[in-house]
Amino acid sequence: MAKVLCVLYDDPTDGYPSGYARDDIPVIDHYPGGQTTPTPEAIDFTPGHLLGSVSGELGLRSFLEKAGHTLVVTSDKDGAGSVFDRELADADVVISQPFWPAYLTAERIAAAPHLKLAVTAGIGSDHVDLDAAIAHGVTIAEVTYCNSISVAEHVVMMILGLVRNYLPSHQVVLDGGWNIADCVSRSYDLEGMHVGTVAAGRIGTAVLRRLAPFDVKLHYTDRTRLPEAVERELNLTFHESAAAMAPHCDVVTINAPLHPETEGLFGDELLGTMKRGAYLINTARALIVDRDAVDRALRSGQLAGYAGDVWYPQPAPADHPWRTMPHQGMTPHISGSSLSAQARYAAGTREILESWLAGRPIRDEYLIVDGGRLAGTGAKSYSVHTR
């Protein structure tokens, strides 16, 4: 029998919901490109309910306990003596989300001799030391594509929010004011702007497709060039690197995984080459940008706005400068954790567990590390020495 240790974010401040704003969510059975959505043998939750918090338990308790397994769920993951550290010692499986990551460092992996599987309930496994996982034979899996469109929608929302100066204008209403000049003095149209994505994988391409109807000029950079038919369809301009693309863009959105080539990419030097008054969006990973360089660029006016929902570490400390820097639209890491997305990543987590517990192969597209090497999606998206 297996012990499954699940790290999830806390319940709402006023308690676990007794009802929801909507009665249902749309049924989606495949993603763009044809990959099917998760196909577990069954689910024990209601799609559209809050599954990603501790009381939601990803809908796993009944499934696991009926089969004789043990499920431990906690939000306490950091600091000496955390529940996560105490329970990790004899855990066979660890599950966590990118939004509330249980950082599986080399030290933690070494202290978990029974650990065989680490599952990311979502997308992005850079909170796991992949080198250590490979060395210790730990399988790493994530629910590929489950919330890619969710994140792409969040990116478009943030771009419009910054360019149209939405958040400060809404604050005027909350404060009882009506000074239109205060609202529009930093408000522009997105139409006609040059918008570029760093990486054009599932999320980056979805962002490009959603922005095309806004009559913007689209740019991208990626390790692998998109098919010529896609470039023609969206009228894309390809650039060999982020450094080559950034000076041409009014808006840059980062949709790349964190690896040695992207860590610290947007520092003072690259930010200084961008158009004065450009906007930067980052829903990928915080360490792709230099924290303090972004703060400086906003205060100097080099950047007109920065928005994102990724921080380092997560949760961010109360004194993190991104909480107080000007002209920002930061959110907690929520872009991929909508109730719609939770239904998919909870189902995908169960599908992965069903396969692993039964000794069946896990879907190749879900694999990051398997058999002591990068595998599946991991072989395409990551490199060793990933933070």
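Small disclaimer: the values here were computed from a predicted structure and weren't measured.

(A) Region of the structure containing the pairing of strand β8 (residues 236-239). Of the pairings in the sheet, the one linking strand β7 (residues 217-221) to β8 comprises 4 bridges and is parallel in character. By the bridge assignment for β8, Tyr220 is matched with Phe238. For the handedness criterion, the β-α-β arrangement of β7, helix α9 (residues 228-234) and β8 is classed as right-handed.

(B) Geometry of the UniProt feature "domain: D-isomer specific 2-hydroxyacid dehydrogenase catalytic" (unreviewed entry) in the chain. The UniProt record annotates "domain: D-isomer specific 2-hydroxyacid dehydrogenase catalytic" (unreviewed entry) at residues 63-363. Taken end to end, residues 63-363 is 36% helix and 15% strand, and its two terminal C-alpha atoms sit 20 Å from one another.

(C) Examining unusual backbone geometry more closely. Between Tyr312 and Pro313 the backbone carries a cis peptide bond, its omega angle lying at -5 degrees. Along the polypeptide, Pro313 turns up in the loop between β11 (303-308) and α13 (339-357). Across the junction of Gln314 and Pro315, the peptide omega takes the value 0 degrees, indicating a cis bond. Here Pro315 shows up in the loop between β11 and α13. The phi dihedral of Asp215 is positive, around 55 degrees, even though this residue is not glycine. On the secondary structure map, Asp215 appears in the loop between α8 (202-211) and β7. Located in the positive-phi region is His327, a residue other than glycine, with phi close to 55 degrees. Mapped onto the elements of the fold, His327 is located in the loop between β11 and α13.

Analysis parameters
Residues numbered from 1 in each chain as written. Predicted model: local features only at pLDDT ≥ 70, side-chain atom pairs only at ≥ 80, totals over all residues. Heavy atoms only, no water. Pairing = 2+ DSSP bridges. Helix = DSSP H or I, 4+ residues; strand = E, 2+ residues; numbered from the N terminus. Right-handed = clockwise from strand over helix to strand, strands pointing away. UniProt positions renumbered as here; feature names shortened; annotations may be inferred.

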